[in-house]
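# Structural features, examined
What follows is the residue order along each chain.
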Protein chains: 2
Amino acid sequence: MKTSANKTMPAARNAELDDSLKLWVVLARAYGAVARHMEAEVARHELTSMEFGILEALHHKGPMLLGEIQKKILVTSGGITYLVDRLVTKGLVKRQECPSDRRARYAVLTPAGSALISGIFPAHAQAIARAVSGLSARERADATKLMRKLGLAAAALTTE
Amino acid sequence: MKTSANKTMPAARNAELDDSLKLWVVLARAYGAVARHMEAEVARHELTSMEFGILEALHHKGPMLLGEIQKKILVTSGGITYLVDRLVTKGLVKRQECPSDRRARYAVLTPAGSALISGIFPAHAQAIARAVSGLSARERADATKLMRKLGLAAAALTTE
DNA sequence: ATTATATATCTCAGTTCTAAGCTGTTTAGC
DNA sequence: GCTAAACAGCTTAGAACTGAGATATATAAT
């Protein structure tokens, strides 16, 4: 007979719960530690991580509808309005009407916004690389695979 | 000659940056997806994740100084005052003076707080276990090892 | 002992968001 | 075409913090 867990084996069940909690704890700590490096880097340019996320998305994908950005960076509809307002005030982004849907707006990088994100992206990437440099290339590849699988599975549970 | 990266090989350097960014993206997504499950669970009991973190710490470690909790859950000094105030208002925690240092206060679970955290912790643990159940036991063990290493290394960089 | 410095918590103003509801627009069903 | 539902973005109130400074106490240096 195998010794694997089943629902009538409290000891094995507890081991699974404990292992899961431990994973959650170290995942949260790892995320937090890397996030602090990332935020410190973008803060040098007077940006929050959310503002940076929008600039980065526009930099790589070109003009996007506000709703598209919203799904990408996971904020509420009020949040995306607030964030884009801030970027507009800073002169980094402008709103542009959508010809095919008069409810929707595009967010577009201004020349200043485009110059800023192009200028700071390399340093941002290096800050991230430095923050994760505690893992070898092989370990980073393994971690990426595991985190991708974990993230997709957990996100799928949400929508179910 | 080996083909490994060095500082004069732009292509290899870019590969390392790209891999690091990819790890950061999937790490952030995995953390966010699991965190949402965790927060949805504690929200069922009218608690934020920070409030839950305090109750959990007190549950497992007994009375703690506010400063100890602050380091553990990583909030500012203003934040710990605010959070403990809220828990006191809810009747879950009380402050207690420290006999050896009149500046310091202990946070102590009230009977109601103790009953609450004992009652909801099992469901919390199961919610986490469910959220990370997309990985096998082996994968969870691997992920735990990698995240611990990553977290410690990234945190060490901060203090340097 | 006295002074300087560090520490623990609190206060308060300000920042960054969320949640709920609103407006204007589009799409689907009849 | 007309109504109903869904949708995109905006508004508002307020929650959950942060950051800087204030207060009281403790520790160290002279």
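Parameters at a glance
- Residues numbered from 1 in each chain as written.
- Chains lettered and ligands numbered in written order.
- Predicted model: local features only at pLDDT ≥ 70, side-chain atom pairs only at ≥ 80, totals over all residues.
- Heavy atoms only, no water.
- Contact = heavy atoms within 4.5 Å.
- Buried area = accessible area lost by both parts, 1.4 Å probe.
- Salt bridge = Lys/Arg side-chain N within 4 Å of Asp/Glu carboxyl O.
- Polar contact = N/O pair within 3.5 Å; in protein donor to acceptor, adjacent residues only side chain to side chain.
- Helix = DSSP H or I, 4+ residues; strand = E, 2+ residues; numbered from the N terminus.
- Expected span 1.5 Å × (residues − 1).
- Buried < 20%, exposed > 50% of the residue type's maximum accessible area, 1.4 Å probe, protein only.
- Arc of directions from axis to C-beta.
- Near = heavy atom within 4 Å.
- Nonpolar A, V, L, I, M, F, W, Y, C, P; charged D, E, K, R; others polar.
- Pairing = 2+ DSSP bridges.
- Axes fitted to C-alpha atoms, helices over the stretch in contact; angles between N-to-C directions.

### Observations regarding the interface of chain B and chain A
On the chain A side, the residues contacting the 50 residues of chain B number 50 residues. Interface area lost by chain B to chain A is led by Trp 24, Tyr 31 and Leu 146 of chain B, which between them contribute 13%. For the pair chain B and chain A, the number of links is two salt bridges. Residue Glu 139 of chain A pairs with Lys 149 of chain B through a salt bridge whose shortest N-O separation is 3.0 Å. Summed over the shared surface of chain B and chain A, the result is four residue pairs in polar contact (both at pLDDT 80 or more). Of all elements in the fold, only helix 1 (10–43), helix 5 (111–131) and helix 6 (137–159) of chain B reach the threshold of two or more residues within the side of chain B that touches chain A. Among the elements that take part in the side of chain B that touches chain A, helix 1 of chain B stands out by supplying 21 residues, more than any other.

### Details of helix 4 (residues 77–89) of chain A
In an α-helix there are 3.6 residues to a turn, and that puts residues three or four apart on one side. All names here are of chain A. With 13 residues, helix 4 extends 19 Å from end C-alpha to end C-alpha; this agrees with the ideal 18 Å at 1.5 Å per step. Along helix 4, the residues that are buried comprise Gly 79, Ile 80, Leu 83, Val 84 and Leu 87. Projected down its long axis, helix 4 shows its buried positions confined to an angular sector of 120 degrees, all on one face. With respect to the buried face of helix 4, the exposed residues turned more than 90 degrees away are Tyr 82 and Thr 89. Against the buried residues of helix 4 lie helix 2 (49–61), helix 3 (66–73) and strand 2 (93–97). Backbone geometry just after helix 4 places Gly 91 at a positive phi near 80 degrees.

### Comments concerning the protein's contact with DNA strand C
Around DNA strand C, the surrounding shell holds 21 residues, and the nearest of these are Arg 102 and Arg 103 of chain A together with Gly 67, Ser 77 and Arg 103 of chain B. A distance of 3.0 Å separates a phosphate oxygen of DNA strand C from a polar side-chain atom of Thr 76 of chain A. Contact distances for DNA strand C include 2.6 Å between a phosphate oxygen and a backbone N or O atom of Gly 67 of chain B. Among the secondary structure elements, those contributing two or more residues to the surface near DNA strand C are helix 4 of chain A together with helix 3 (66–73) and helix 4 (77–89) of chain B. By residue number, the principal contributor to the surface near DNA strand C is helix 4 of chain A, which donates five residues. Broken down by class, the residue content of the surface near DNA strand C amounts to six nonpolar, eight polar and seven charged.

### Comments concerning the environment of Leu 47 of chain B
Residue and element names in this part refer to chain B. As for its placement among the helices and strands, Leu 47 is situated in the loop between helix 1 and helix 2 (49–61). Accessibility expressed as a relative area gives 5% for Leu 47, which makes it buried. Each C-alpha atom of the pair Leu 47 and His 60 lies 18 Å from the other, and the pair is 13 residues apart in sequence. When near neighbours in sequence (up to four residues on either side) are disregarded, Leu 47 contacts Val 42, Phe 52, Leu 55, Lys 90, Leu 92, Leu 116 and Ile 120.

### Structural notes on the sheet that holds strand 3 (residues 105–109) of chain B
All names here are of chain B. Strand order in the open sheet made by the three strands is 1-3-2, with antiparallel pairing throughout. Strands at the two margins of the open sheet, each flanked by one partner only, are strand 1 (64–65) and strand 2 (93–97). Alignment of strand 2 against strand 3, held across five bridges, turns out to be antiparallel. Counted as the bridge partner of Gln 96 is Tyr 106 from strand 3. Set on the sheet, helix 2 makes contact with strand 1, strand 2 and strand 3; between it and strand 3 the angle comes to about 85 degrees.

### Digging into helix 3 of chain A
Residues and elements named next belong to chain A. If you check which residues of helix 3 are buried, you get Leu 66, Ile 69 and Ile 73. For helix 3, the angular spread of buried residues about the axis comes to 60 degrees, placing them on one side. The secondary structure elements touched by the buried residues of helix 3 are helix 2, strand 1 (64–65), helix 4, strand 2 and strand 3 (105–109). Just beyond helix 3, the residue with positive phi is Leu 74, at close to 60 degrees.

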